Amino acid sequence: YPPDPPVEIAPDVFFVHGRMRMAPGMTINRNMVVVRSAGGELALLNPIRPTPDGERELERLGRVAHAVRLGFYHGVDDAWTVERFGAAFWALEGPSDYAEPKPDHVLHEGGPLPIPDATLFVFHEAKHPEACLLVERGGGLLVACDAIQHWASTSNCSWPAKVVTHAMGFVHAANIGPPWRRMMTKDGGSLRPDFERLLELPFDRLVGAHGQPLLGGARTARRATVARVFD
């Protein structure tokens, strides 16, 4: 489905609110973040395939040079993005729900990144590869995939999906994705140490791959979520 136009949410950082069909009648929102670096290079985080008009909007922002997969369960548009734009593909080492494309660059904490002013956070306790990226702009912007989802509303969701997302506990501030948490927790394990370590990062804003941006007070909201979910 056609995503909404890019909206700037931090200096040279743009939010794209899209949607995708999960099943007949079930359409949920999904998000992409576009980060522009010096020289006009764009990095697409959690890539979403745009319409032809959307491609022209990206071209007005700069040149798509990088595609970054942060989550295990996302990647449906990664191969198209790499082929269409000739983008370098960045992903964590290990399996994914989408076997292609193979990464040109493997993400790891402390390693090189396509965004100079960014820091990678990797979930050590998760069953499958998952990461967040801290972009040091606008007071610190934390970009996640499924692990963190700020649902202020059910925008870009069909009516059946609105009912389901409320029933499943998605609609909370700075939430931990409920199905993601269940599927990513190891037998007898806990993701709490990862989320407590995440709170040590300096961020005031966050965007997940679903929901809406939280553009202030994000770390405080995350702290309350960790207490609510794990206590």
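Reading guide: rules and limits
Along each chain, residues carry numbers from 1 onward, in the same order as the chain's sequence is written. In keeping with the predicted nature of the model, local features appear solely for residues at pLDDT of at least 70, side-chain atom pairs appear and are counted solely at 80 or more, and the whole-chain, interface and lining totals rest on all residues. Side-chain calculation: all heavy atoms of the structure are included, whereas hydrogens and water are not. Here a salt bridge means any side-chain nitrogen of Lys or Arg lying within 4 Å of a carboxyl oxygen belonging to Asp or Glu. Secondary structure elements follow DSSP: runs of H or I of four or more residues count as helices, runs of E of two or more count as strands, with numbering from the N terminus. Burial here depends on accessible area, computed with a 1.4 Å probe over protein chains only, as a share of the maximum for the residue type. Under 20% is buried, over 50% is exposed, and the range in between is partly exposed. What makes two residues a contact is simply this: any of their non-hydrogen atoms within 4.5 Å. Two strands make a pair as long as DSSP finds a minimum of two bridges between them. For helices, the fitted line uses only the C-alpha atoms of the stretch in contact; every axis is such a line through C-alpha atoms, and the angle between N-to-C directions lies from 0 to 180 degrees. Only centres within 6.5 Å qualify two rings of Phe, Tyr or Trp (six-membered ring in Trp) as a pair; their planes then separate them into stacked at under 30 degrees, edge-to-face at over 60, and tilted for everything else. Geometrically, a lysine NZ or arginine CZ counts as sitting over a ring once it is within 6 Å of the ring centre and also within 35 degrees of the ring normal.

Colleague: Please provide a residue-by-residue account of the pattern of salt bridges, values included.
Modeller: With the rule as written, the count across this model stands at twelve salt bridges. Between Asp 53 and Arg 56 there is a salt bridge, and its shortest N-O distance comes to 2.3 Å. Of this pair, Asp 53 and Arg 56 both sit in helix H1 (residues 52-61), three residues apart, which is roughly one turn of the helix. A residue is classified by how much of its surface remains accessible, and Asp 53, at 48% relative accessible area, is partly exposed. The residue Arg 192 makes a salt bridge to Glu 196 at a minimum N-O spacing of 2.8 Å. One end of the pair, Arg 192, and the other, Glu 196, are both in helix H5 (residues 192-198), four residues apart, so they sit about a helical turn from each other. Note on Glu 196: relative accessible area 37%, which makes it partly exposed. Overlapping salt bridges, with partners in common, bring together Glu 55, Glu 59 and Arg 84 in one network.

Colleague: Residue-level account of the side chain of Arg 137, with values.
Modeller: In this structure, Arg 137 sits in the loop between strand E9 (131-135) and strand E10 (141-143). Dropping the residues within four chain positions of it, Arg 137 is found in contact with Ala 10, Pro 11, Asp 12, Val 13, Val 35, Arg 36, Ser 37, Ile 115 and Asp 117.

Colleague: Break down the environment of Ala 43 for me, with residues and values.
Modeller: Within the secondary structure, Ala 43 is located in strand E4 (residues 41-45). Among all residues touching Ala 43, those that are not within four sequence positions of it are Val 33, Val 34, Val 35, His 66 and Ile 115.

Colleague: Break down the sheet that holds E4 for me, citing the residues and quoting the values.
Modeller: One open sheet accounts for seven strands, arranged E1-E2-E3-E4-E5-E6-E7; its pairing is mixed. For this open sheet the edge positions go to strand E1 (7-10) and strand E7 (105-107), each flanked by a neighbour on one side alone. Put simply, the sheet's adjacent strands are angled 35° from each other on average, direction ignored. When strand E3 (residues 26-36) meets E4, the two strands line up antiparallel, connected through four bridges. Bridging across to E4, Val 34 finds its partner in Leu 44. Strand contacts of helix H2 (residues 78-85): E4, strand E5 (63-68) and strand E6 (88-92), with the helix running at about 155° to E5, the strand carrying the most contacts.

Colleague: Go over the packing of aromatic side chains with me, naming the residues and quoting the values.
Modeller: One pass over the full model with this rule turns up eight aromatic pairs. With centroids separated by 5.2 Å and ring planes inclined at 85°, the aromatic side chains of Phe 121 and Phe 123 adopt a geometry described as edge-to-face. Ring centres of Trp 180 and Phe 195 lie 6.2 Å apart, and the angle between their planes is 80°; on these two criteria the pair is classed as edge-to-face. Of this pair, Trp 180 sits in helix H4 (residues 178-184) while Phe 195 sits in helix H5; the two residues are 15 residues apart in sequence, bridging distant segments of the chain. Accessibility assignment for this pair places Trp 180 and Phe 195 in one class, buried. Within the aromatic cluster, the residues linked to one another by ring pairs are Phe 121, Phe 123, Trp 180, Phe 195 and Phe 230. Between the NZ or CZ atom of Lys 162 and the centre of the ring of Trp 159, over which it lies, the distance is 5.4 Å.

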